[in-house]
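# Observations on the model geometry
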Amino acid sequence: MKNFILGLAVLSTVLMKAQTQIIAHRGYFQAQPPTTENSIASLENAQKLKVYGSEFDVRMTKDGVLVINHDEHHGKMEISETSFKELESLKLSNGEKFPTLKEYLKQGKKDSSVKLIVEIKPAKTPEIENEITRKTIKMIKDMKLESQSEFISFSLNICKEIKKLAPSFKVQYLNGELSPEQIKKEGLDGMDYHYSVFQKNPTWIAEAKALGLITNSWTVNDVAVYDELKKQGIGFVTTNIPEQLKNK
């Protein structure tokens, strides 16, 4: 009987590990009450929801401050060409001040159970990309958030630079054109592609898993698409509706 119970426990653990995990896209901003994407409030909401992780976007101001924002512009100001002081003068739509990476990570550290999915946005030159990457990694190490942080980028240069500076960090590529075999050859840990890429390449999830790669898909806001990916055994999905997919 003891062996039977032990067997069930092991099976349960395996099944739990096999479950598709949910990542809140730019935080959980469509909560009630709603907030705004990439805000500290949206990160807090993701932490309360207890999903696997919360994704956010890192950019650098003209004077070298790392900030959280998806678009190249904050209001009408181009982030890379504007000082932090000027950017800070415009608050987010939810009334929060324009967040720095440091402030965002401080909130992230309050709940170690929710992973910080750090997307470093492409920059105008490889040299700037390398500077942003170096500064981001240093801050994460200084704040002792290594085990809580995972990385994604549309820039292959950024992905490879992260692996060069911090080989143990998990890094996934976002752009979608590299096959699982190519991802493996580049020395990256996984692929985080738009769901349409997996629909066009229906063997890629299985191939990636066979190579020991992480599989993730963005931005899955349709339950039918989620079910389709889950049946294929995808490891993670990134979504604006984490509350709907969490217990499916």
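About the cut-offs
- Residues numbered from 1 in each chain as written.
- Predicted model: local features only at pLDDT ≥ 70, side-chain atom pairs only at ≥ 80, totals over all residues.
- Heavy atoms only, no water.
- Phe/Tyr/Trp six-rings, centres within 6.5 Å; stacked < 30°, edge-to-face > 60°.
- Lys NZ or Arg CZ within 6 Å of the ring centre and 35° of its normal.
- Buried < 20%, exposed > 50% of the residue type's maximum accessible area, 1.4 Å probe, protein only.
- Helix = DSSP H or I, 4+ residues; strand = E, 2+ residues; numbered from the N terminus.
- Arc of directions from axis to C-beta.
- Contact = heavy atoms within 4.5 Å.
- Pairing = 2+ DSSP bridges.

- Looking at an unreviewed UniProt entry, the chain carries the name Glycerophosphodiester phosphodiesterase, with the source organism given as Chryseobacterium contaminans.

### Quick word on the packing of aromatic side chains
- Within the structure shown, the criterion is met by seven aromatic pairs.
- Put simply, the rings of Tyr193, Phe198 and Trp204 pair up and form one aromatic cluster.
- Looking at Lys141, its charged tip hangs above the ring of Phe169, at a distance of 6.0 Å from the centre.

### Description of helix H4 (residues 101–109)
- For H4, the complete set of buried residues consists of Leu101, Tyr104, Leu105, Gln107 and Gly108. Angularly, the buried residues of H4 cover 160 degrees about the axis, an arc narrow enough to put them on a single face.
- Those residues of H4 that are buried lie in contact with helix H2 (40–49), strand E2 (53–60), strand E3 (66–68), strand E6 (115–120) and helix H5 (126–142).

### Section: the pairing of strand E9 (residues 190–194)
- Counting buried positions over the five residues of E9 gives four, a clear majority of the element.
- Where strand E8 (residues 171–173) and E9 come together, two bridges link them in parallel fashion. Residue pairing across strands places Tyr173 opposite Met191, the latter belonging to E9.
- Here E9 runs beside strand E10 (residues 214–218); their pairing, made up of five bridges, is parallel. Bridge pairing in E10 places His194 opposite Trp218.

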